[in-house]
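Residue-level listing of the chains:
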Amino acid sequence: MIGLITGTMSADNIPLGPLMIGLSSPTTKPKTLETIEMTTKRFSIGYALLLKKQKSFIQDSLVNLVKSRGIDLVKIDTEKPLVDQGPFDFVLHKLYGEEWRKQLQDYLILNPNAIVVDFPEAIERLHNRFSMLDVVSEIEKLDNDLRDDETASLGIPKQVVVYVPEKLNINETASFGEGLNLKFPVIAKPLVADGSAKSHKMLLVFSNEGFEKLKSPTVVQEFVNHGGVIFKVYVVFRISLLVMNFFVL
């Protein structure tokens, strides 16, 4: 999910920019339209998204809303060098690859005050379905406010990375690593999660024959029946949103 906050950011010493227009103390002379135009800075957000993401997020209602708050949403032309566009105060993107990463780096050299979300190095761990779950197992306590008699836990499914899936036999425990004891059915997912269509292709495998259709590298996970319900938590700074999705595998 991509979130845009157009109101107060609730962080210390963050200017409210155009939201402060017209506010004055009793001893301050009210601003005229001329002074407002001179002191108001518009913010430019350049976005580089796949067509599907653009249709989902860049709606006219959003464009008009942020425009009224002093923010301009500008589509980045991916056919042109990023350094030749803008300048942008903020670059919002969902593109990947070494060439695009290099363009972001070059842009920040010329525009050191610009903000990129998300910078490739910051989310590299999330592009690997195996490593993205490691952080969950590192969590020892979810809430510092829990009472002494309360406990909380957050588990992850058993999983293994398989590089030769067509030769896999789930009955051979050694193939999965000692102690995993996976049983059918299992879920097979591409190791790389880069937002592409192929990275979202998943299979529910019921027998060893099903592994013949898989491509390497693949993450094989135990199937945990969750009733077709997925909870997603989106976080932007100190703001969080919990969404419950229903789906059929």
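Calculation rules
Residues numbered from 1 in each chain as written. Predicted model: local features only at pLDDT ≥ 70, side-chain atom pairs only at ≥ 80, totals over all residues. Heavy atoms only, no water. Pairing = 2+ DSSP bridges. Helix = DSSP H or I, 4+ residues; strand = E, 2+ residues; numbered from the N terminus. Axes fitted to C-alpha atoms, helices over the stretch in contact; angles between N-to-C directions. Contact = heavy atoms within 4.5 Å. Buried < 20%, exposed > 50% of the residue type's maximum accessible area, 1.4 Å probe, protein only. Polar contact = N/O pair within 3.5 Å; in protein donor to acceptor, adjacent residues only side chain to side chain. pLDDT = per-residue confidence, 0-100.

Right, let's talk about the sheet that holds strand β1 (residues 43–48) for a bit. Spatially, four strands are ordered β2-β1-β3-β4 in an open sheet, and the strand pairing comes out parallel. The two strands at the open ends of the sheet, each matched to only one other strand, are β2 (71–75) and β4 (115–117). Strand-to-strand twist in this sheet, taken as the mean axis angle between neighbours without regard to direction, amounts to 20°. With five bridges connecting them, β1 and β2 associate as parallel partners. Its bridge partner being in β2, Ile 45 is matched across the sheet by Leu 73. Its contacts with the sheet place helix α4 (residues 98–110) against β1, β3 (90–93) and β4, and it is angled at close to 170° to β3.

Right, let's talk about the side chain of Gln 54 for a bit. Its location among the elements puts Gln 54 in helix α2 (residues 51–57). Exposure remark for Gln 54: the relative accessible area of 14% places this residue in the buried category. Polar contacts involving the side chain of Gln 54 include one to the main-chain carbonyl oxygen of Leu 49, which spans 2.8 Å. Apart from residues lying up to four places away in sequence, Gln 54 is in contact with Tyr 47, Leu 49 and Lys 75.

So, on to the sheet that holds strand β5 (residues 159–162). Overall, antiparallel pairing links the four strands, which are arranged β5-β8-β6-β7 in an open sheet. Two strands bound the open sheet, and with one partner strand each, they are β5 and β7 (203–205). On average, each strand axis in the sheet is tilted by 30° relative to the strand beside it, whichever way the strands run.

What follows covers the confidence of the model for the chain. Taken over all residues, the pLDDT of the chain has a mean of 76, while the share at 70 or more is 70%. Confidence over residues 1–38 falls short of pLDDT 50; this stretch has 38 contacts with residues more than four positions distant or in other chains.

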